[in-house]
Amino acid sequence: MTSPRPTSLIRPGARLAPLTQLIALLVALLAAAPALPRTSPIPFEDPLGWPESQRAFLQDGPGFLLSEVQLQEFLALDTLDRESWLLAYLSADPIPSTPENELLAAIESRRRLIRDRFDDAYQDVRAQLLFLHGEPDRRRLVDCAETFRPLEIWTYGTEKRTASHVVLYQERLDRPWIMWLPSSSKRVLYNEEMVYYLEQWEELKHRITGGKRIDRFFCEDDSEDLDDITGIDGLVGYERNRPDDAYFLRWTRSPDDLAAWARDAAGDAEVSLPEPLQGADLEILFPEQEGQRMVTRMRVVLPDVTQLEAFEEGESKEYRFVVQGSLESEGEVFEEFRVRFQVPFLEGLTGPLALSAERLLRPRQTFLLRLEVTEETTGKVARLSKGLEVASVATPIEDPPVAEEAIVAIDESLKKKRLGGADGLVLVPPISDVVFGLWRAEALVTGSAIERVKFLLDGKVQLSRRRPPFVAELRLDSYPKEQTIRAEGYDAEGNLVAADDIVLNQPRGELRVRIVDPKRGDKRTGAMTARVEVVVPEEKRVAKVELKVNEEVQAVLEQPPWEAQIEVPAFGELNYLTATAHLDDGLTAEDVRFLNSPQFVEEVNVDLVELFTTVTDRAGRIVYGLERGDFRVREDERPQNIVKFELVEDLPLTLGITIDTSGSMFESLGQAQRAAVDFLENIITPRDRTFAVAFSDQPEVLMQRTSDVGAVEARLESLVADGMTALHDAVVSSLYYYRGIRGRRALVLLSDGEDTASSLGFAESLEYARRSGVAIYTIGLRIGKADLTVRRKLDRLSGETGGRSFYIKEAEDLKDVYAEIERELRSQYLIAYNSDQDASQEAFRRVEVTVQDGKLEARTIGGYYP
């Protein structure tokens, strides 16, 4: 059964059923009456079983317009009468003198605004404020984590004496934003540590003369403004005329004049959203039960595959989609997930395309499901939603009942993990492509045999759980690193019943194998550990890795870590280790290392050190026309012989764009998006690759490496400013996407503030940047000369990687900055040399390039790790 499209709220000119005409007449009169304040919230659970058009009306915006009387009237109706109620309400044009129904236009305008700003997060009070009042005249993020919880101050009105302020806050980063009310006390706005300090201040302030309140040491302006808005000095310094709850709650009540509201909302500035992916439909199925969980299959059906655009790369051609979803429960986000589909293109095939993803949910739970389906090739987006109650009894089905000729794409991450038999175990894969630091592993267990689950990290036991939920907080490496998580389920007698593995942070790129251990020049014999790194092309899988010593197979590995014990014979004139990776499609790659070689056999390091170098004169102008003899290269103060030299203009480029989308970027994000889009259109050619990352509380990859600039642009244009600033984590996550990529590589990083949310420190992110060999161009927006800490970080990131830092006052200056970066990237010199140092030494090697004995400035990486 398909669900109604959420945009199908009315059918113009529809006739009402005769039995409901009287109700409709009464409802129409009620809808035209002045709205009264509403005291009860819009319910969440009950409407989930309604038809989608009725649920969407109540919970996705228009329900905010209903007074208390209208809300109760609407809730008391049955399904048929609710439909008639809706038709009457939405057909009652509040301004009949105009040809257009301003109410419909206003509702659509405000829903588009919420979709653009908060991605349909209607459980967030900010969405309610946007729907009822539109954009505030000022939206200010209080970005002071040392003192406050995440806060925003919204101001309506431009005159200081008449402006009204609303304070919004989050209890936790994973909770919806709520409106502050005086009855909640001012304590809820501060973090726990600052509440403790302020309590001490209140006790001791009468003994202190001339002292400053402690919260004002960290964020003086924000603290003073909050005192003024709340009418409370500190925690308990209540002013006589301070505002009460009613002062703030008036912003959430329904409009007194619906015609005036519709006129204002319909006149909002047009919001630019991605082009819609037409015809998408959503089905919810419950095909089987796994233990105590029900398989909940979400199937998006696109009606005509011939209307879709395939992605072409070389001889490969396929349809690419990303499905991002959320499950809301009791008005809050219960779970978020992301699934990527790559469907092979078949010539001449017609009919629908079905994208099926699954979640394991408890029976009889109720959720609101929201899906955003993006066609990566074009950037077109379909947004679907549906209320659901998880079935208590499975209904077996076969794919595809949608049509005999339909293409069905299954969520591969779960398809590969289909459990066999009654007793099984599945590790839930991470949502993010890049995982480091603390990670929560969860094993889903079916059947009754498994009583204990053991969690292993890279083969070492970390934790055991003897009762559900079978979860473990695992401490991963500080940096993104290929690591294997394994969960093993045991019965009461200690027998292994089932196990599952997940490989995190697998390097992606051009197929390549590199022997990491033993090192070059290692003269040992006998038993030793061999370790290999494998870079795997996107959507490919390693079938096995073979390790041979002198053509004798000593180990065959089928999963990371790619390491094993080998035996090197003590006799013979020449020993050598060969590592060969076999992909699931038959492709292979190998690396060879000589072991215990005679003195007259010298191993040559064929990996040249490549330095992409920008040369400028003292005025900062780019210098062309230089020759090899103009350059000098030193590695750890040792002169090096340049063996390759050329001016780079057309070599393929891999370019990443990383944009700060924290709340403080609210006023600048629109211009930043447009400038980035123009930059990519100018610089990226069909031979280049680009990707985009956004970061606020945490980094999020918007689009993985692609030559399709339009797809990246579409994702950039959908950004919303919200949250804190995880700058350090964003640097590391962005650089991860260069693993396995050779040649020219550059990252452009835009931010406007200090880090307030990262799990990594700056020293760790800088060290990772040094190891990456990627040139980082940093852009600081509205970062004053007095902000020494932030400037020092951005300068070091760019200076030690061969990039450059820029500082601008307004986002409109980005166009000139991007133009300068483009000129540099298209005007570099490639200098390559073969290091004369011992290849077995892994310490960081400092590199220095000088031009014409220092008369010109050369910028390149500050060094590298061999």
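Quick notes on the rules
- Residues numbered from 1 in each chain as written.
- Predicted model: local features only at pLDDT ≥ 70, side-chain atom pairs only at ≥ 80, totals over all residues.
- Heavy atoms only, no water.
- pLDDT = per-residue confidence, 0-100.
- Helix = DSSP H or I, 4+ residues; strand = E, 2+ residues; numbered from the N terminus.
- Contact = heavy atoms within 4.5 Å.
- Axes fitted to C-alpha atoms, helices over the stretch in contact; angles between N-to-C directions.
- Left-handed = near helix turned anticlockwise from the far one by under 90°.
- Nonpolar A, V, L, I, M, F, W, Y, C, P; charged D, E, K, R; others polar.
- Pairing = 2+ DSSP bridges.
- Phe/Tyr/Trp six-rings, centres within 6.5 Å; stacked < 30°, edge-to-face > 60°.
- Buried < 20%, exposed > 50% of the residue type's maximum accessible area, 1.4 Å probe, protein only.
- Lys NZ or Arg CZ within 6 Å of the ring centre and 35° of its normal.
- Core = buried A, V, L, I, M, F, W, Y, C linked by side-chain atoms within 4.5 Å.
- Salt bridge = Lys/Arg side-chain N within 4 Å of Asp/Glu carboxyl O.
- Lys, Arg positive; Asp, Glu negative; His and termini not counted.
- Parallel < 35°, antiparallel > 145°, perpendicular 65-115°, else oblique.

**Observations regarding the confidence of the model for the chain**
Where the model shows low pLDDT, its predicted coordinates should not be examined in detail. The share of residues in the chain with pLDDT of 70 or more is 88%, and the mean pLDDT across the chain is 83. Confidence, read as mean pLDDT per element, is least for helix H1 (residues 21-32) in the chain (40) and greatest for strand S32 (residues 631-635) (95). The low-confidence segment residues 1-37, where pLDDT is below 50, has 55 contacts with residues more than four positions distant or belonging to other chains. Taken as a whole, residues 399-405 scores under 50 in pLDDT and shows 16 contacts with residues more than four places along the chain or in a different chain.

**Overview of the packing of helix H5 (residues 102-118) against helix H6 (residues 125-133)**
In contact at an axis separation of 9 Å, H5 and H6 are set at 145° when each is read in the N-to-C sense. Crossing angle aside, the handedness with which H5 passes H6 is right-handed. Counting all contacts with H5, which are made through Ile107, Arg110, Arg111, Leu113, Ile114, Arg117 and Phe118, the residues of H6 involved are Arg126, Ala127, Leu130, Phe131, Leu132 and His133. For the contact of H5 with H6, the residue count by class is eight nonpolar, one polar and four charged.

**Focus: the sheet that holds strand S21 (residues 470-475)**
Ordered by their spatial adjacency, three strands build an open sheet running S17-S18-S21, and the pairing between neighbours is antiparallel. The outermost strands of the open sheet, each flanked by one partner alone, are strand S17 (424-427) and S21. Across the sheet, the mean angle separating the axes of adjacent strands is 25° when strand polarity is ignored.

**Brief notes about the packing of aromatic side chains**
For the structure on display, the rule yields 24 aromatic pairs. When the centroid spacing of 5.6 Å and the interplanar angle of 40° are considered together, the rings of Phe691 and Tyr737 count as tilted. With Phe691 in strand S36 (residues 689-695) and Tyr737 in the loop between helix H15 (727-736) and strand S38 (744-751), the pair connects residues that are 46 residues apart, well separated along the chain. No difference in accessibility class separates Phe691 from Tyr737, as the two residues are buried. The rings of Trp50, Phe57, Phe74, Trp85 and Tyr89 are connected pair by pair, giving a single aromatic cluster. In this arrangement the basic side chain of Lys317 is found over the ring face of Phe345, its NZ or CZ atom lying 4.1 Å from the centre.

**Examining the nonpolar core**
By size, the foremost hydrophobic cluster in this structure holds 59 residues, and its most contacted members are Leu65, Tyr89, Met179 and Trp261. Residues within four places of Leu65 in sequence aside, it is in contact with Gln70, Tyr89, Leu103, Ile107, Phe131, Leu132, Ser254, Pro255, Leu258 and Trp261. Of all hydrophobic cores here, the second largest spans 40 residues; its members include Ala675, Ala692, Leu781 and Val817.

**Description of the sheet that holds strand S28 (residues 563-568)**
Strand order in the open sheet made by the three strands is S24-S25-S28, with antiparallel pairing throughout. Edge strands, defined here as strands with exactly one partner in the open sheet, are strand S24 (512-517) and S28. Geometrically, the sheet is characterised by an average inter-axis angle of 40° between neighbouring strands, direction not taken into account. Sheet topology note: the S24/strand S25 (residues 526-535) ladder contains five bridges and is antiparallel.

**Examining the pairing of strand S41 (residues 828-833)**
For S41, the tally of buried residues reaches six of six residues, placing the bulk of the element in the interior. Alternating positions in S41 separate into two faces, Gln828, Leu830 and Ala832 on one and Tyr829, Ile831 and Tyr833 on the other, with burial throughout. Sheet topology note: the strand S31 (residues 609-616)/S41 ladder contains five bridges and is antiparallel. Opposite Thr613, over in S41, you have Tyr829 as the bridge partner. As defined by bridge partners, strand S34 (residues 642-648) adjoins S41 across six bridges and the pair is classed as antiparallel. Of the residues in S41, the one forming a bridge with Val648 is Gln828.

**Quick look at the pairing of strand S15 (residues 381-389)**
Here nine bridges tie strand S14 (residues 366-375) to S15, and the two strands are oriented antiparallel to one another. When the bridges of S15 are listed, Leu371 appears paired with Leu384. The antiparallel hairpin formed by S14 and S15 contains five residues in its connecting segment, where Gly379 sits at a positive phi of about 80°.

**Details of the side chain of Asp124**
As for its position among the elements, Asp124 is in the loop between H5 and H6. Residues within four places of Asp124 in sequence aside, it is in contact with Pro176 and Trp177.

**Here we look at the pattern of salt bridges**
In the structure shown here, the tally under the stated rule is 56 salt bridges. The salt bridge involving Arg139 is made with Asp722; its shortest N-O contact spans 3.8 Å. Here the residue Arg139 occupies a position in strand S1 (residues 138-142), and Asp722 occupies one in the loop between helix H14 (709-716) and H15, the gap between them amounting to 583 residues. In this structure Arg139 comes out as buried when scored by relative accessible area, which is 6%. One salt bridge connects Arg514 with Glu533, and the closest N-O pair in it is separated by 4.0 Å.

**Some details on the side chain of Arg791**
Residue position: Arg791 is located in helix H17 (residues 788-799). Buried and unpaired, Arg791 has Asp795 as its nearest opposite-charge partner, separated by 6.0 Å. Those residues in contact with Arg791 that lie beyond four places of it in its chain are Ile783, Gly784, Lys785 and Tyr807.

**Some thoughts on the packing of helix H13 (residues 669-683) against helix H18 (residues 814-825)**
In the contact formed by H13 and H18, the axes pass within 9 Å of each other and the chain directions differ by 25°. Classified by the angle their axes make, H13 and H18 are roughly parallel. Two packed elements cross with a definite hand, and for H13 against H18 that hand is right-handed. Side by side, H13 and H18 meet where Ala672, Ala675, Ala676, Phe679, Asn682 and Ile683 of the first sit next to Leu814, Lys815, Tyr818, Ile821, Glu822 and Leu825 of the second.

**A closer look at unusual backbone geometry**
The linkage connecting Pro468 with the following residue, Pro469, adopts the cis geometry, with an omega of 0°. For Pro469, the location among the structural elements is in the loop between strand S20 (460-465) and S21. Within the chain, Glu551 stands out as a residue other than glycine whose phi angle is a positive 70°. Within the secondary structure layout, Glu551 lies in the loop between strand S26 (542-549) and strand S27 (552-557).

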